[in-house]
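Understanding the architecture of this molecule
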Amino acid sequence: MPKRSAALLPATLVAAAALGLTLLLANLSLFALLELKGLDLLFTLRGPLSPPEEIIIVAIDEPSMAEIERQWPWPRSLHARLTRQLHQAGAKVIGFDILFAEPSTPAEDQEFASALRDVGNAVLVSALSVVEDPLFRHTVRIDPIPMLRDAAAVGGPFISIDADGIVRRARLLAPDLPSFALQVVRRYLESPTPAGGTVPERPRFAQKELLRDLLIDYRGPPNTIKTVSYYQALDAERFLPPGIFAGRIVLIGRALEALPEPQRLVGDTYLTPFSWNTGTPSAGIEIQATLIDNLLKGRFVTEPSPSGKLIVLLPLILAASLLIARLQPIIALIATAALIGLSLAVATVAFTTMALWLPLFSLILGLVLVYGGHLLVRAVMAERERHRLLEETNRDLEAKIAARTQELSIANQELQQRHQQLEAAYQELARAQDQLIHSEKMASLGLLVAGVAHELNNPISYVRSNLDFIEDHTERLAGIIETYAADADRPAAPSQRRGDARKQAAGYDATLKTLRELIASCREGTERVKKIVLDLRVFSRTDDVGLVFADLHEGIESTLNILLRQYQDRVTIHRDYGYLPPVECYPGQINQVFMNLLQNAAQAIPRQGDLWIRTEADGDRTRVRIKDNGAGIAEEHLQRLFDPFFTTKAVGAGTGLGLSISYGIIKKHGGTIQVASKINEGTEFTIELPVRLRGGAT
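These lines cover the structure that appears in this document, whether it is placed above or below. (Residues numbered from 1 in each chain as written. Predicted model: local features only at pLDDT ≥ 70, side-chain atom pairs only at ≥ 80, totals over all residues. Heavy atoms only, no water.)

**Here's the deal with the pairing of strand E8 (residues 167–171)**
Counting buried positions along E8 yields 4 of 5 residues, so the element is predominantly enclosed. Of the pairings in the sheet, the one linking strand E7 (residues 159–161) to E8 comprises 3 bridges and is antiparallel in character. Along E8, the bridge assignment pairs Ile 159 with Ala 170. Taken together, the 3 bridges between E8 and strand E9 (residues 213–215) define a ladder with antiparallel strand orientation. Note on E9: the bridge partner recorded for Arg 171 is Asp 213. (Buried < 20%, exposed > 50% of the residue type's maximum accessible area, 1.4 Å probe, protein only. Helix = DSSP H or I, 4+ residues; strand = E, 2+ residues; numbered from the N terminus. Pairing = 2+ DSSP bridges.)

In structure tokens, the structure reads:
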């Protein structure tokens, strides 16, 4: 029992929400228009009914235009002739759905008026012209000319055109004028019945009903009501069977859909509920004939009141909600479709048998909303259940996490102990690595010092040798000066030629020349010493205190000068320098990289060879390529070339840290170093550095 009550409450709430939403949407213009389309569907499903026996239409149509051989408007004497012939043929009421608002010739008007007075059962139509203005709405009544209005009854064709252009409603009575259909029915019921005939029952309509728009009960698509052409009615004995008009209502009106000539009659056609299926409109006279038939039978389409709609929708929606609440979604969808089909069948039966228009679209909308509401409820319930299960799972997980946390805490303590051990081992390894790096630096420094000593030795030797010669020539110069001084104490007079001979004998000119050459040689040696010291300073950059912008070309050249002893007279240097902007770096470290690569290249060339140095800039990156044509490196060694302690040199010739240190320096500067090599073809190292470090080197 609790389960059933728990399921009943959501079903009732869904039904109430669906009913309220259906009634709300049904009042919107779009959904009201869809509801009218449901009425059109009911007309189509019911199909056409048999035409009424009491009514016949005389149509002003194209065949009549051709037979009469007259363009519109026709002379009113022709209408008078038709009126008398219809009266003689026994027509009980003659209705003209033609507005005679403009006078023609007096004789024509008089003849037509006389015919209308003579028959005494004619009805003419008036019209209402509506003037729409942003500030007001003015309705003007247009009646037939007074002569004709006094000779016959007058009524208005009060039909309403819905928003979709279809005529579904009509009003039978206005405050100052009855409708054309109502006037025709009154004349029909008031006219005497032939002997032996049946007195038609007077339909009962309250005045309140006549003053509101009623739904027209169409009998079928266009041409459902029996129709003859105008020219046939003029000569009925020739074209029509006898007695066709006897005791009937005869309506004369236009049945033309389109006319190519503007001076001819304008078509009087409207869309009806059957037009969407047939594709053709109905003539206005046929709509008036349908209204007359509805009045005679006392039957219009009944539209439920708002309370009636509620009575119809409430049990259906509630029953559907209780049913769908017990079914699975797929089965519920099938059941909803079945209920929609059942609703359509019930609405069709009610419309066919009682002319009762059940709100078909509202029924379908209500069922769809019920199904959607239950889907939403199930989704919400599923979400709640999922949330509950998630909470339970979270609680279980919290317990498991607490236990696991305790286990991890114990494991973490063990890891901390191991970490401390690893930290100690790492520090020991770091000290060993520092020692190795220091040893590598010491080896490089020893090589550097040896080269510097060799280079400084020659200039110093030049100076020492030249000093001996300078001393010897100085003595000779002193002897020459003493000779000149001794001659100065003697009596004057030898000639200038004797003085020159003395100079020549003393070798004065040669001595002076030699002295000058010796002085130049000493200056050259001094300059060489100065240059070597400068290159050593540029290479080591011991005055650097941090990152600076350096010229890579200057570093390369200073390194080459330092290594001159290793490659001089056997390695040809090819320089292909492009434009390089100043690079932000630690110049001493970068020069160490150049030293390692150039020294390796020189050592890789066994005898004579070439070494190419190429530089270029690519956006915010600089590139230095150092290539030799030496012995090369085997392919299996290339992957390990930058590993610490790996070397391809003989034992004792290297520690295997030079390239590893170079790799670390380039990485430290945010750059890359790559190598390509083939045996007996040479090796090429490519260094790529950013122009400016981002965030600084670490």
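**Some details on the side chain of Ser 275**
In this fold, Ser 275 is placed in helix H11 (residues 275–278). Judged by its relative accessible area of 7%, Ser 275 falls in the buried class. Engagement of the side chain of Ser 275 in a polar contact is seen with the backbone nitrogen of Thr 272, the distance being 2.8 Å. Among the polar contacts listed, one links the side chain of Ser 275 to the backbone oxygen of Thr 280, at a separation of 3.1 Å. (Polar contact = N/O pair within 3.5 Å; in protein donor to acceptor, adjacent residues only side chain to side chain.)

**Concerning the side chain of Asp 109**
In this structure, Asp 109 sits in helix H5 (residues 106–119). By relative accessible area, which is 4% here, Asp 109 ends up buried. Looking at Asp 109, its side chain comes within polar contact range of the side chain of Arg 76, at 2.7 Å. Residues in contact with Asp 109, not counting those within four places in the same chain, are Arg 76, Pro 103, Ser 104, Ile 145, Met 147 and Leu 148. (Contact = heavy atoms within 4.5 Å.)

**Notes on helix H2 (residues 29–46)**
Counted at 1.5 Å a residue, the expected span for H2 with its 18 residues is 26 Å, and the 26 Å between its end C-alpha atoms agrees. For H2, the set of buried residues is Phe 31, Glu 35, Leu 36, Gly 38, Leu 39, Asp 40, Leu 42, Phe 43 and Arg 46. After H2 finishes, the residue Gly 47 shows a positive phi value of roughly 85°. (Expected span 1.5 Å × (residues − 1).)

**Thoughts on the environment of Thr 348**
Locating Thr 348 in the fold gives a position in helix H14 (residues 329–354). Classification of Thr 348 as buried rests on a relative accessible area of 16%. Note: C-alpha distance between Thr 348 and Leu 41 (307 residues apart in sequence) is 9.1 Å. Ignoring sequence-local partners within four residues, the contact set of Thr 348 consists of Leu 42 and Leu 45. Separated by 2.7 Å, the side chain of Thr 348 and the backbone oxygen of Leu 344 make a polar contact.

**What about the packing of helix H4 (residues 76–88) against H5?**
When two helices pack together, their arrangement is given by the angle between the helix axes and by the axis-to-axis distance. One can describe the packing of H4 onto H5 by two numbers: an axis separation of 7 Å at closest approach and a directional angle of 15°. By the criterion of interaxial angle, the relationship of H4 to H5 is roughly parallel. Two packed elements cross with a definite hand, and for H4 against H5 that hand is left-handed. Here Arg 76, Ser 77, His 79, Ala 80, Thr 83, Arg 84 and His 87 of H4 lie close against H5, whose contacting residues are Glu 108, Asp 109, Glu 111, Phe 112, Ser 114, Ala 115, Leu 116, Asp 118 and Val 119. Among the residues forming the contact of H4 with H5, the class breakdown is 5 nonpolar, 5 polar and 6 charged. (Axes fitted to C-alpha atoms, helices over the stretch in contact; angles between N-to-C directions. Parallel < 35°, antiparallel > 145°, perpendicular 65-115°, else oblique. Left-handed = near helix turned anticlockwise from the far one by under 90°. Nonpolar A, V, L, I, M, F, W, Y, C, P; charged D, E, K, R; others polar.)

**What to know about the pattern of salt bridges**
If you walk through the whole model with that rule in mind, you get 29 salt bridges. Between Arg 141 and Asp 143 there is a salt bridge, with its nearest N and O atoms 2.8 Å apart. Given a relative accessible area of 33%, Arg 141 falls into the partly exposed group. Each of Asp 576, Arg 614, Glu 616, Asp 618, Arg 621, Arg 623, Arg 625, Glu 684 and Glu 688 takes part in one network of salt bridges that share partners. (Salt bridge = Lys/Arg side-chain N within 4 Å of Asp/Glu carboxyl O.)

**Focus: the sheet that holds strand E2 (residues 93–96)**
Strand order in the open sheet formed by 6 strands is E6-E3-E2-E11-E1-E10, with parallel pairing between adjacent strands. This sheet does not close on itself; its edge strands, each paired only once, are strand E6 (153–155) and strand E10 (227–229). Averaged over neighbouring strand pairs, the angle between their axes works out to 25° when direction is ignored. As paired strands, strand E1 (residues 55–60) and E10 are joined by 3 bridges and run parallel to one another. Bridging from a neighbouring strand, Ala 59 pairs with Ser 229 of E10. Running at roughly 175° to strand E3 (residues 122–125), helix H7 (residues 180–190) makes contact with E2, E3, E6 and strand E11 (249–254) of the sheet. Sitting on the sheet, helix H12 (residues 284–297) touches E1 and E11, and the angle it makes with E11 is about 155°.

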